Amino acid sequence: MELAKYIDHTLLKADATEEQIEKLCQEAAEYNFKSVCINPAFVAKSKELLKDSDSLVCTVIGFPLGANATEVKVFEAQQAVKDGADEIDMVINISRAKDGDWAYVLEEIKAVVGAVDESITTKVIIETSLLTDDEKRKASEVVKESGADFVKTSTGFSTGGATLADVKLMREAIGPDLGVKASGGVSNYDEAIAMIEAGATRIGASKGIAIVSGTPSTSNDNY
């Protein structure tokens, strides 16, 4: 198993600087991470920095609250792809999910997925820390129905991140074919392996180097 290819090397902090993004991309290329996951404003810059590497550019849509209008999320996704994004991680409308309006959640995801080329990997953040187990299961099933490629646990900006129990629940809900991304709080080798064994096929983490090096992280920051 090439662990680096499970990792989206992530920097989504509001105060991230261009210098920090450059460092993130350099690390991604050096360690051969699957992608960098960055805010939309840095997509074009990251694409240029990674043009000679195998690492992809991932960005976020409707982030971190998921409360944007559907039309805004669609525009964000299309603009991100124009700027060079290979993957998009969109946040569901969590309020609609809590209200049980799963038809809205489904149609919104389908709108975003349908707005980009099939070659673009689409991941859907359901923000597990804000959902009951039944809601997590239903959200995962909706993501599967939408045609998206992955269901993702968390933004890292809410009340909690990925847990083994949630990853297992999501994997059980969607079956073997869809991807599961564990994101938020995964900071070392042992945690990453445990998430993969639980069913994750991608790890979102700012501690990618510590993970692949098998060394402990010295920071508690998720991103």
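Residues numbered from 1 in each chain as written. Predicted model: local features only at pLDDT ≥ 70, side-chain atom pairs only at ≥ 80, totals over all residues. Heavy atoms only, no water.

The chain goes by Deoxyribose-phosphate aldolase in an unreviewed UniProt entry, where it is assigned to Ruoffia halotolerans. We quote the UniProt Sequence similarities (unreviewed entry) comment for the chain here in full: "Belongs to the DeoC/FbaB aldolase family. DeoC type 1 subfamily." Quoted verbatim from the Function (unreviewed entry) heading of the UniProt record, the comment on the chain is "Catalyzes a reversible aldol reaction between acetaldehyde and D-glyceraldehyde 3-phosphate to generate 2-deoxy-D-ribose 5-phosphate." (UniProt positions renumbered as here; feature names shortened; annotations may be inferred.)

1. Some remarks on the pairing of strand β5 (residues 121-125)
Within β5, five of the five residues are buried, which leaves it mostly tucked inside the rest of the structure. Both faces of β5 are covered, namely the face carrying Thr-121, Lys-123 and Ile-125 and the face carrying Thr-122 and Val-124. Two strands pair when backbone bridges link them, and strand β4 (residues 87-91) and β5 are joined in this way by five bridges, in the parallel orientation. Within the sheet, the bridge partner assigned to Met-90 lies in β5 and is Val-124. Following the chain from β5 across helix α6 (residues 133-146) to the adjacent parallel strand β6 (residues 150-152), one finds a crossover that is right-handed. (Buried < 20%, exposed > 50% of the residue type's maximum accessible area, 1.4 Å probe, protein only. Helix = DSSP H or I, 4+ residues; strand = E, 2+ residues; numbered from the N terminus. Pairing = 2+ DSSP bridges. Right-handed = clockwise from strand over helix to strand, strands pointing away.)

2. A look at helix α3 (residues 70-83)
Between the first and last C-alpha of α3 there are 20 Å, a value that for 14 residues agrees with the 20 Å anticipated at 1.5 Å per step. Taken as a whole, α3 has its buried residues at Thr-70, Lys-73, Val-74, Ala-77 and Ala-80. Axial view of α3: buried residues confined to an arc of 130 degrees, hence all on one face. For α3, the exposed residues lying more than 90 degrees away from the buried face are Glu-71, Phe-75 and Lys-82. Immediately downstream of α3, the backbone of Gly-84 shows phi near 120 degrees, a positive value. (Expected span 1.5 Å × (residues − 1). Arc of directions from axis to C-beta.)

3. Considering the nonpolar core
Counting 66 residues, the largest nonpolar core has Ile-109 and Ile-203 as its most contacted members. With six residues, helix α5 (residues 102-114) is the largest single contributor of residues to this core. For Ile-203, the contacting residues outside a window of four places in its chain are Tyr-6, Ile-7, Asp-8, Lys-181, Ala-182, Val-186, Ala-192, Met-195, Ile-196 and Ile-211. (Core = buried A, V, L, I, M, F, W, Y, C linked by side-chain atoms within 4.5 Å. Contact = heavy atoms within 4.5 Å.)

4. Examining the packing of aromatic side chains
In this structure the tally under the stated criterion is two aromatic pairs. Here the aromatic rings of Tyr-31 and Phe-33 are separated by 5.8 Å at their centres, their planes lie at 15 degrees, and the arrangement is stacked. Looking at Tyr-31, the relative accessible area reads 30%, which means it is partly exposed. Residue class for Phe-33 comes out buried when judged on its relative accessible area of 0%. Here the aromatic rings of Phe-63 and Phe-157 are separated by 5.4 Å at their centres, their planes lie at 85 degrees, and the arrangement is edge-to-face. With Phe-63 in the loop between β3 (56-61) and α3 and Phe-157 in the loop between β6 and α7 (164-174), this residue pair connects regions lying 94 residues apart in the sequence. Judged by relative accessible area, Phe-63 falls into the buried class, the value being 19%. Positioned above the aromatic ring of Tyr-104, the side-chain terminus of Arg-96 is 3.8 Å from the ring centre. Sitting over the ring of Phe-150, Lys-123 keeps its end group 5.9 Å from the ring centre. (Phe/Tyr/Trp six-rings, centres within 6.5 Å; stacked < 30°, edge-to-face > 60°. Lys NZ or Arg CZ within 6 Å of the ring centre and 35° of its normal.)

5. Here we look at the sheet that holds β3
Taken together, eight strands build a closed barrel; the order of strands is β1-β2-β3-β4-β5-β6-β7-β8 and the barrel is parallel. Between one strand axis and the next, the sheet turns through 25 degrees on average, direction left out of account. In the sheet, strand β2 (residues 35-38) pairs with β3 via four bridges, with the strands oriented parallel. Along β3, the bridge assignment pairs Ser-35 with Leu-56. In this fold α5 packs onto β4 and β5, with an angle of close to 160 degrees to the strand it touches most, β4. (Axes fitted to C-alpha atoms, helices over the stretch in contact; angles between N-to-C directions.)

6. Comments concerning the environment of Ile-174
Here Ile-174 shows up in helix α7. Taking relative accessible area as the criterion, Ile-174 reaches 2% and is therefore assigned buried. For the pair Ile-174 and Val-105, spaced 69 residues apart in the sequence, the C-alpha separation amounts to 16 Å. Once residues within four sequence positions are removed from consideration, Ile-174 is found in contact with Ser-140, Lys-144, Val-151, Gly-179 and Val-180.

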